[in-house]
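Observations on the three-dimensional arrangement
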Amino acid sequence: MGTDLLLFYLFGGAAVLASLAVVLGRNPMHSVLLLIVSFAALAGLYITLGSPFAAVIQIIIYAGAIMVLFLFVVMLLNAHREDALLTPGASGVKGPIRTGAVLGVVLAAELVWALVKAGQAPDGELAAGAAPNVEALGSVRALGLLLFTDYAFAFEVTSILIVVAMVGAVVLAKREL
Amino acid sequence: MVPLGHYLILSAILFCTGTMGVFLRRNVITMLLSIEVMLNAVNLAFIAFGRTMGSADGQVIMFFVVTVAAAEAAVGLALVIALFRHRETLNPDTFTSLKW
């Protein structure tokens, strides 16, 4: 087993376990902290994928900024009391359980189909026309060039999105307008 | 080099975990956290595809997904605070004023 495969299983296992704990845990505070663990494991995966910039974004923006926002809200609301999970025995939960079951089956079917397709296409076919130097693709220079040329419009729209989100958050969280 | 399929399976497992959280939990904050898990699963698939195809576009898309996630978290958490102020609870089953 090569080193990268070992790292993949290490980081991937950590990400899956932490995510499961996030979803199944009782305490929202623990969920937020475990999600940071999951993000750190994903950042490790991004590094093994040759994308150090993505890993840094993951840590600084996701774990650093977004999760701190979540932590603030969890502490602000101080809501530690948890309602039970939706279980088949509880009353009035037939609808969600049924919807979830149907969506789960659809998702599983899509997954099987995608994996079968991915198994048919050799990696060489996907990599047709690939740049010979994969390492250079992860550089901040290459990303910046792409971001400010091909994706310049999307980048500018992003700034509008952030302004709208900021105004919306202020308006929604205000006690009275 | 780890084959692409491994990353796709991991991404699918993470996405299903997040979906499960959205459907099973009865706490608005945990549901938002589950959505973050789903967004991260998609990010992983983007970056794995980008690496396999030898282009940096996957990382650029991941950058945009992170931006959208930040906006979504800001608005979503503001909504949670507004809801909690009116109802004193985080259980989404109690927010039924718009139910006909």
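Residues numbered from 1 in each chain as written. Chains lettered and ligands numbered in written order. Predicted model: local features only at pLDDT ≥ 70, side-chain atom pairs only at ≥ 80, totals over all residues.

Looking at the overall build of chain A
The test is simple: Numbered from the N terminus, helices here are DSSP runs of H or I no shorter than four residues, and strands are runs of E no shorter than two. Three exposure classes are used, based on other C-beta atoms lying within 10 Å of a residue's own C-beta, which is placed from the backbone: buried for 20 or more, exposed for 12 or fewer, and partly exposed in between. By definition, residues are in contact whenever their C-beta atoms, placed on the basis of the backbone, come within 7 Å of each other.
The secondary structure content of chain A amounts to eight helices and zero strands. What you see in chain A, going N to C, is helices and strands ordered as α-α-α-α-α-α-α-α. Of all 177 residues assigned to chain A, the portion counted as buried reaches 24%. Counting only contacts in chain A whose residues sit at least 6 apart along the sequence, the fraction spanning at least 24 positions is 47%.

Points about the interface of chain A and chain B
Defined as follows: Each residue is assigned to one of three groups, with Ala, Val, Leu, Ile, Met, Phe, Trp, Tyr, Cys and Pro labelled nonpolar, Asp, Glu, Lys and Arg labelled charged, and all others, Gly among them, labelled polar.
On the side of chain B, 60 residues touch chain A, which itself brings 68 residues to the contact. Sorting the residues of the side of chain A that touches chain B by element identifies α1 (3-24), α2 (28-48), α3 (52-77), α4 (94-120), α5 (123-126), α6 (134-137), α7 (140-147) and α8 (152-173) of chain A as the ones contributing at least two each. Top element by residues in the side of chain A that touches chain B is α3(A). It accounts for 12 residues. Residue classes in the side of chain A that touches chain B are distributed as 55 nonpolar, nine polar and four charged.

Section: unusual backbone geometry
Positive phi, normally seen in glycine, also occurs at B:E88, with a value near 60°. Its location among the elements puts B:E88 in the segment after α3 (57-87).

Structural notes on helix α2 (residues 28-53) of chain B
Note: α-helices contain 3.6 residues per turn, so residues at a spacing of three or four share the same orientation. For the record, the criterion: One fewer than the residue count of a helix, multiplied by 1.5 Å, yields its expected span.
For α2(B), which comprises 26 residues, the first-to-last C-alpha distance of 38 Å matches the rise-based estimate of 38 Å (1.5 Å per residue) to within 8%. Phi for B:G54, located one or two positions after α2(B), is positive at around 65°.

Let's talk about helix α1 (residues 4-24) of chain B
Along its 21 residues, α1(B) runs 30 Å from first to last C-alpha, staying within 8% of the 30 Å computed at 1.5 Å per residue. Those residues of α1(B) not exposed but buried are B:Y7, B:L10, B:S11, B:A12, B:L14, B:F15, B:T17, B:G18, B:T19 and B:G21.

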